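The lines below spell out each chain.
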Amino acid sequence: MTQRAKIESDGPDPDRGGGSGVTGTAIDAGAELDPVHPVKPPAPLFKPGGLTTAEVAERVARGDVNDVPVRSSRSAADIVRANVFTRFNAIIGVLWVIMLFVAPIQDSLFGFVIIANTGIGIIQELRAKKTLDGLAVIGEAKPSVRRDGRTAEISTSEIVLGDVIELGPGDKVVVDGSVGEADSLEVDESLLTGEADPVLKKPGDQVMSGSFVVAGGGAFTATKVGREAYAAQLAEEASRFTLVHSELRSGISTILKYVTWMMVPTSIGLIVSQLIVKDSNLKDSIARTVGGIVPMIPEGLVLLTSVAFAIGVIRLGRKQCLVQELPAIEGLARVDVVCLDKTGTLTEGGMDVTELRPLGGAETSYVEKVLGALGESDPRPNASLQAIIDAYPDSAEWRCTESLPFSSARKYSGASFSEGDGENNTWLLGAPDVLLPAGDPALDEINDLNEQGLRVLLLARSARELDDAAVATGVRPTALVVLEQRLRPDAADTLRYFEDQNVRAKVISGDNAVSVGAVAGKLGLPGAENTVDARKLPAEPGDMADALDGNSVFGRVTPRQKRDMVGALQSRGHTVAMTGDGVNDVLALKDADIGVSMGSGSEATRAVAQIVLLNNSFSTLPSVVAEGRRVIGNITRVATLFLTKTVYSVLLAVLVVCWQVEYPFLPRHLTLLSTLTIGVPAFFLALAPNKERARPHFVKRVMRYAVPGGVIAATATFLTYLLARAHYTGPDSLKAETSAATLALFLTSMWVLAIIARPYTWWRVGLVGAMAGAFLVVLVVPWLQDFFQLKLEGNTMPWTAVALAAAAATLIEFTFRWVDRRFPA
């Protein structure tokens, strides 16, 4: 048997008359070329066998290569730049240089800490980049390109001008081109134009990069490659490092903006106070001024956020999960509704034919011949047709005169055959409830099969031509093909996980509603018994949202409805994730808050998804959710530590200015305090396991603790300092006053750390204990006392500092609990 003839055209060498972006021209022999106004070629020539090796080499040499880099992450230079050249690093860098000139090295330790932190951030992001880029290469779809008369898969970046690229269902158009072969080729250009209806392409029509094939097949000649291609012009900049919305990132940016506003006037007041109002040693005044400014800066907060995201990417990469946009980890953790496509997500891609039921007296042997011929007529069969091909290999010498590939919108495929005995027939294979009218007796039998979770296709004969718009009207049922879908062994556990985490799962499928409900029921999905046929859903978004809120399983959903459903759920304030692997899922994946694609899915779905499960394992999703919750929960914890320090630093500076006294601390004191109560603990806490469910309002949740905590700590510290000033006299009294104030601030900050570290585990208790022990060592070891200028004098003030710190800790404890009740986040 022969397949349907494809439309082909031969022509002269594609370089002849070619220019930039054109592979060849077809020019009337009688036309004269005007050197000033050359004839614009109507269309590029199409070489069915593709370019030769020599032609490819020539194009590579002159730079006509698809050289747009596909980046899943920032470049190494961008990572270094983002970590080094920050607003706060610039401020700290200037202050560090000043301190190197006017004070001992102990007061410049904060600069070395910043260098170490920045280095850690760069290293971790580079590790994440290596992981991302490696996974991106594994997950990269390779287009089929004809060269030297043979078809081979090559990297997208190896495509050259004039290459002949084959297309099939689910393939993304990777460069601009002109169609040379078309076999019912339907292209979806919605990602470029916003129009969801597929466009039928014929030889000579243009295809644009960024569109994708929804039905049929063909081949096209690349006319624009690299940065000249349409999609590259639209998305070159964004594709380098695009980010989904991240509440963490935007929240931290908001916080830093307010911190900057607070720092500027406070710092100016402190400088004036210490350098002009107080007539003391200039170098010591500069050192204490810098000591007041540096702790206002939450310099490690951005670093730890980047490190937490980066390590999350590395951890998920080990599980073959490609996170194409880093904050997608955070986004999936915030999801409260996950929409699942049945095929490829809850079920494995393959199917098995379990039964063939002839109808209306049809002979089984004849039906098997028809099915074998239908399988042979489609060069790119979907999973259902592939199962039929495996069960009924083609044995008839029939000639296929016309074919119609399967489309998600039509729900059927078809072909017309000349069957060798002079008889011509048109056959359709597809959804019974689409091909048969309501009330047809065969539907009762089909419904019984669907209730068992089986998939049923109807083979029907049509009296009309295949290109007739009403070809599916009045068909004659000939046979039922019963298919069994293979359930993913991990699907039930994953659905149970989402249920336990209060994430509602919605199964949205194009298959028969009863069949979808039966599959969902086998997996234990709540509400599976109330399956909804999407053809009966209201079109109005509000009514659709009501239906979605009240039900969990939907069948016979069209690609456009999937997108509408995502929008309806989002209109009710839901954060929606969409999983899928077929071209019919692309629109919904693109509009969802988080799109998740299977690695074996179509190239189009992988292109628009933020997360790609390269191992095709649905069970990886809980790991992504858990990783996101770890990042969000832990960053919220450590942000409270950092911002408590910022609040008490600003307030201490204000109090010093108002009371016209020396600033109590040198930079070395606050470097020690920051390291022991924030820096080291925050690093461990940011990377610890955390299963707490992600909650919104990041800024509000952090500041409701940081503000009262910082105010109480500053008040207790400054009160201790004032009492010490009244208690101590003599030339070295400032050192004793500073030591007492440092002790009070350390103990108060340690209690904030103790609260943040809850719930306690052995290592959290050990972490808090180790930090307390380290400070105790500084207080008792003589050379460390000299190094940090910390020595507690007498008994009265040290115990007074402890008492004030204990009172402050008690007040912080009660305040935090009151905040939890009064201002729940």
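Heads up: the structure comes first, above all this text.
Residues numbered from 1 in each chain as written. Predicted model: local features only at pLDDT ≥ 70, side-chain atom pairs only at ≥ 80, totals over all residues. Heavy atoms only, no water.

Novice: Let's hear about the side chain of Ser-749: which residues, and what values?
Specialist: Within the secondary structure layout, Ser-749 lies in helix α24 (residues 733-756). A distance of 2.8 Å separates a polar side-chain atom of Ser-749 from the backbone oxygen of Leu-745. (Helix = DSSP H or I, 4+ residues; strand = E, 2+ residues; numbered from the N terminus. Polar contact = N/O pair within 3.5 Å; in protein donor to acceptor, adjacent residues only side chain to side chain.)

Novice: Break down the pattern of salt bridges for me, citing the residues and quoting the values.
Specialist: On inspection of all chains with the given rule, the structure shows 31 salt bridges. A salt bridge links Asp-468 to Arg-464; the shortest N-O distance between them is 3.8 Å. The network of salt bridges with shared partners includes Asp-433, Asp-533, Arg-535 and Arg-556. (Salt bridge = Lys/Arg side-chain N within 4 Å of Asp/Glu carboxyl O.)

Novice: So what's going on with helix α27 (residues 796-822)? Residues and values would help.
Specialist: With 27 residues, α27 extends 38 Å from end C-alpha to end C-alpha; this agrees with the ideal 39 Å at 1.5 Å per step. Looking only at α27, the buried set comprises Met-797, Pro-798, Ala-801, Leu-804, Ala-805, Ala-808, Ala-809, Ile-812, Glu-813, Thr-815, Phe-816 and Val-819. Where α27 is buried, its residues meet α23 (698-727) and α24. (Expected span 1.5 Å × (residues − 1). Buried < 20%, exposed > 50% of the residue type's maximum accessible area, 1.4 Å probe, protein only. Contact = heavy atoms within 4.5 Å.)

Novice: Explain a nonpolar patch on the surface to me, and be specific about the residues and the numbers.
Specialist: A contiguous nonpolar patch, built from Val-97, Leu-100, Phe-101, Ile-105, Phe-112 and Ile-115 and spanning about 590 Å² of accessible area, is present on the exposed surface. Contributing elements (two or more residues each) for the nonpolar patch: α3 (87-102) and α4 (109-139). With three residues, the single largest contributor to the nonpolar patch is α3. Within the element layout of this structure, Phe-101 appears in helix α3. (Patch = residues over 30% accessible without salt bridge, like charges linked within 9 Å, V, L, I, M, F, W, Y side chains within 5 Å. Areas by Shrake-Rupley, 256 points an atom, 1.4 Å probe, with all protein chains shown as cover.)

Novice: Quick rundown of the packing of aromatic side chains? Include the residues and the values.
Specialist: Tallying each qualifying case throughout the model produces 13 aromatic pairs. In textbook terms, an aromatic cluster arises when at least three aromatic residues are bridged by ring pairs, as seen for Tyr-366, Trp-398, Phe-417 and Trp-427. (Phe/Tyr/Trp six-rings, centres within 6.5 Å; stacked < 30°, edge-to-face > 60°.)

Novice: Pulling in residues and values, what's your account of the packing of helix α21 (residues 621-659) against helix α22 (residues 667-686)?
Specialist: A pair of packed helices is captured by two measures, namely the crossing angle of their axes and the spacing between those axes. Interhelical geometry of α21 versus α22 gives an angle of 170 degrees and a closest axis separation of 9 Å. Regarding the angle of α21 to α22, the classification is roughly antiparallel. Touching Arg-630, Asn-634, Val-638, Leu-641, Phe-642 and Lys-645 of α21 are Ser-674, Thr-677, Ile-678, Ala-682, Leu-685 and Ala-686, all from α22. (Axes fitted to C-alpha atoms, helices over the stretch in contact; angles between N-to-C directions. Parallel < 35°, antiparallel > 145°, perpendicular 65-115°, else oblique.)

Interpretation in functional terms is not warranted from these geometric data alone.
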